[in-house]
Each structure stands twice: as C-alpha cells, then as structure tokens.
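What follows is the residue order along each chain.
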Amino acid sequence: MKTSITEIRSSSDENYLMCLFYAAAKPSKRGWREHHHTELEISLVKEGHGTYTVKDRSFEFKPGDIFLFGTHEEHYITDIDEEILLLNIHFEPRFIWANSNEMFDAKYLKIFFDRSYLFENRLDRDNPATETIRELILGIESEVNSQSAEYELMVKVKLLTILVLLIREYNYVNRSNSYTERANLNKISNAMRFLDENITEPLSLDEIAEKANLNKTYFITLFKKLNGVTPWEYITARRIEKSYELLRRGNMNVLEIATLCGFNNASNFNRAFRKVTGVTPSEFRKSDIRKNEYQKNHLQ
C-alpha cells in the first residue's frame, strides 16, 4: 500500500515533480504483477525482509537496502517474509533539469538513462557510499517532515548529491559526456507544461512539437532522452494518474472516468490502465479499499 507524505511542485497549479511516500505490506507470497511508472524511483527499505523481482532478476532485501528504478522499468515485490516498510522517492526527470541554472542538469540522471553493464538495481551493500546515500535519503525525509524554510531547495540539493555519488562512486554508468543544450531543455519543459495543462484534451504530436518549437521527429527523440519515455507514454501515464482519485471516490462508472481523463472509450481506458498498473480499474478500486483498511490498522 502507499501513503503519501508530500508532493513538491514547481508551482501551485502543476502536477507534482517529486513525491515522498511510505509503502507497507504484510507477509505474503505474491505472484508477478507488471508494475512500472514514468517517474524515477529511489527506495529505502526501513523495515522487513523480502524479494524484489526486476524483469528476470530477483534481489533479496533487508533493512538499509536501497533500490533504483528507471522510467517504465518493471519491478514488483514478489515475496514478503516479514512486514515491510519502504521509504520511496518518486521524481520526474525534469525535477532535476527543468527551468534551473547550470547546477541542475540532465547529465546527473545518467544512473537511470546511461547505465553500464555492471548496473544493479540494489546498491552494493559493501560500498561505503551506500551508507552516505542512506543518510541523505533520511535527510530528505527529515526536511519533508520539518518543512523548515526553503526545505524544497534542500530536498533538491540532497537528491542532486545522491545522483552525483551514484555517478562517482559506483561503476554503474557509462562515461559519456553527451547531453543536450539548455535551450532544448527549456523547449521540452515548455512542451511538458502544455501537456500537463491540457492532458485530458485531444492532443497530437504535431501540436506538442510546435509548442516546443522543434521538428516532430527530433522532439520525440529528445523527449525520450530526457524523460525515459515517449510523449504518448507520458500522456497515457498522466491520464491514468488522474483517474486514481476518481476511482477512489466511487461515485462514477468506468466510462465516465475514462471520458473525464481523456480516453475516448472505456475499452482503451481499461487497456491502458492495466498496462500501467497491472490491474483493471475495477480491481484497483477494490484493492484500494483493502489498502485503506490496512493503513487504518497499521500506520496510524
């Protein structure tokens, strides 16, 4: 289950760019379920033991372990040996590169987009940098909980420090220096702002590329390079995320929700929802009720 702690936005009217939340679950054996998202993820195991399955690999975990997952990287906890509590950081790539000065740049996301063959989703337990990163994650949690003056900037600085350590202290990334000019970062950022403001409206790639003032083919290539997903994958994921709260309310049927979220029929909505979450909208609605009950009994 997932309990939101905070969402950090670039402005009050935008979708969140970073989210910190706990995930907790009771011991169980769980069959594989496709689970992925467009955000990047850094996850710290605070309590419990189990097994993370990532594609065709499995990683046992224990308290203190740290996992990294890229955009649309399928991962799922398939075995929970004792009750778990995870602290997860989800953030969009543009949380690092959009509308900032040269200090914040897309090149710091190499750990997610330019991995070497030595990369492991679970950070090396014996690397001294892992303890430093663990403390930085807990520092982010502390900043969010205290919400002292300018805590959002402190969160971003600590996250950037983590990303630099991941590049510097592990053999997990390729050493290429090829990234994009800041002018193009701003163009993609403008296009993504347009998408967020019109996510439920009929959209075309020509229209979106025009907002970025880029050739459509180059726009698609650059968008995926900076975000790890294509424009259409991003649009679909955003529309699915918009449907979550409507499903939780329980006062509308699936077709009504599909229409409000930008899908032209319930069949397309169901197909997209299952691809993103691994379950149907109806199954999500039922499981969310069970998760809320678990939250009431275990996380209060």
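Structure: above.
Computed from a predicted structure; not experimentally measured.

Thresholds applied
Residues numbered from 1 in each chain as written. Predicted model: local features only at pLDDT ≥ 70, side-chain atom pairs only at ≥ 80, totals over all residues. Heavy atoms only, no water. Axes fitted to C-alpha atoms, helices over the stretch in contact; angles between N-to-C directions. Helix = DSSP H or I, 4+ residues; strand = E, 2+ residues; numbered from the N terminus. Parallel < 35°, antiparallel > 145°, perpendicular 65-115°, else oblique. Contact = heavy atoms within 4.5 Å. Buried < 20%, exposed > 50% of the residue type's maximum accessible area, 1.4 Å probe, protein only. Pairing = 2+ DSSP bridges. Phe/Tyr/Trp six-rings, centres within 6.5 Å; stacked < 30°, edge-to-face > 60°. Lys NZ or Arg CZ within 6 Å of the ring centre and 35° of its normal. Expected span 1.5 Å × (residues − 1). Core = buried A, V, L, I, M, F, W, Y, C linked by side-chain atoms within 4.5 Å. Polar contact = N/O pair within 3.5 Å; in protein donor to acceptor, adjacent residues only side chain to side chain. Left-handed = near helix turned anticlockwise from the far one by under 90°. Salt bridge = Lys/Arg side-chain N within 4 Å of Asp/Glu carboxyl O.

(A) Main features of the packing of helix α8 (residues 231-249) against helix α10 (residues 266-277). Running from N to C, α8 and α10 cross one another at 100°; their axes reach a closest spacing of 10 Å. Compared by their axis directions, α8 and α10 come out roughly perpendicular. Residues Thr-236, Ile-240, Ser-243, Tyr-244 and Leu-247 of α8 touch α10, and the partners they reach there are Phe-269, Ala-272, Phe-273, Val-276 and Thr-277.

(B) Structural view of the environment of Glu-83. Within the secondary structure layout, Glu-83 lies in strand β7 (residues 75-91). Relative accessible area serves as the criterion here: at 38%, Glu-83 is assigned to the partly exposed category. Considered as a pair, Glu-83 and His-49 are 34 residues apart in the sequence and their alpha carbons are 7.4 Å apart.

(C) Looking closely at the pairing of strand β2 (residues 18-25). Counting buried residues along β2, 7 of its 8 residues qualify, which places the element largely inside the surrounding structure. Where β2 meets β7, 8 bridges bridge the pair, whose relative direction is antiparallel. From the neighbouring strand, Phe-21 faces β7, where its bridge partner is Asn-88.

(D) Seen up close, the packing of aromatic side chains. What the rule picks out here adds up to 16 aromatic pairs. Ring plane angle 85° and centroid distance 6.0 Å describe the contact between Tyr-244 and Phe-273, whose orientation is recorded as edge-to-face. On the criterion of sequence distance, the pair formed by Tyr-244 in helix α8 and Phe-273 in helix α10 is long-range, its members being 29 residues apart. On the accessibility criterion, Phe-273 (0% relative accessible area) is buried. Taken together, the ring pairs connect Tyr-52, Phe-59, Phe-61, Phe-67 and Phe-69 into an aromatic cluster. The ring centre of Phe-119 lies 3.9 Å from the NZ or CZ of Arg-115, which sits over that ring. Taking the ring centre of Phe-95 as reference, the NZ or CZ of Lys-156 above it sits at 5.4 Å.

(E) Structural view of helix α3 (residues 128-146). Between its first and last C-alpha, α3 extends 28 Å over 19 residues, near the 27 Å set by a 1.5 Å rise per residue. Of all the positions in α3, only Ala-129, Thr-130, Ile-133, Arg-134, Leu-136, Ile-137, Gly-139, Ile-140, Glu-141, Glu-143 and Val-144 are classed as buried. Phi for Gln-147, located one or two positions after α3, is positive at around 50°.

(F) The arrangement of the nonpolar core in detail. Met-18, Ile-42 and Phe-91 are the most contacted members of the largest nonpolar core, which has 60 residues in total. Ranked by residue count, the leading element in this core is helix α4 (residues 151-168), at 9 residues. Each residue touching Ile-42, except ones within four places of it in the same chain, is listed here: Ile-66, Phe-67, Leu-68, Leu-87, Asn-88, Ile-89, Phe-91, Phe-112, Ile-137, Leu-159 and Ile-162.

(G) Examining α8 more closely. Its 19 residues give α8 an end-to-end C-alpha distance of 29 Å, which sits within 8% of 27 Å, the value for a rise of 1.5 Å per residue. Looking only at α8, the buried set comprises Pro-231, Tyr-234, Ile-235, Ala-237, Arg-238, Arg-239, Ile-240, Ser-243, Leu-246 and Leu-247. Gly-250 sits one or two positions beyond α8 and adopts a positive phi of about 75°.

(H) The environment of Ser-146, seen in detail. In this fold, Ser-146 is placed in helix α3. A distance of 3.3 Å separates a polar side-chain atom of Ser-146 from the backbone oxygen of Glu-143.

(I) Seen up close, the packing of α3 against α4. Running from amino to carboxyl end, α3 crosses α4 at an angle of 165°, the nearest separation of the two axes being 9 Å. On the basis of their axis angle, the class for α3 and α4 is roughly antiparallel. As α3 runs across α4, the sense of the crossing is left-handed. Contact residues: Thr-132, Ile-133, Leu-136, Ile-137, Gly-139, Ile-140, Glu-143 and Val-144 in α3; Tyr-151, Met-154, Val-155, Lys-158, Leu-159, Thr-161, Ile-162, Leu-165 and Leu-166 in α4.

(J) Up close: the pattern of salt bridges. Per the counting criterion, the structure on display carries 15 salt bridges. Ionic pairing is found between Lys-46 and Glu-141, a salt bridge with its closest N-O pair at 3.1 Å. One end of the pair, Lys-46, is in strand β4 (residues 40-54); the other, Glu-141, is in helix α3, with 95 residues separating them in the sequence. Its relative accessible area of 30% is what places Lys-46 among the partly exposed residues. In this structure, the salt-bridge partner of Arg-249 is Glu-245, at a minimum N-O distance of 3.9 Å. On the criterion of helical spacing, the pair formed by Arg-249 and Glu-245 is a turn pair, its members being 4 residues apart in helix α8. For Arg-249, a relative accessible area of 52% gives the class exposed. Owing to a relative accessible area of 41%, Glu-245 belongs among the partly exposed residues under this scheme. If you follow the salt bridges from partner to partner, you end up with Glu-39, Glu-92, Arg-94, Asp-196, Arg-238 and Glu-241 in one network.

It is worth stressing that arrangement in space is one thing and function is another; only the former is reported here.
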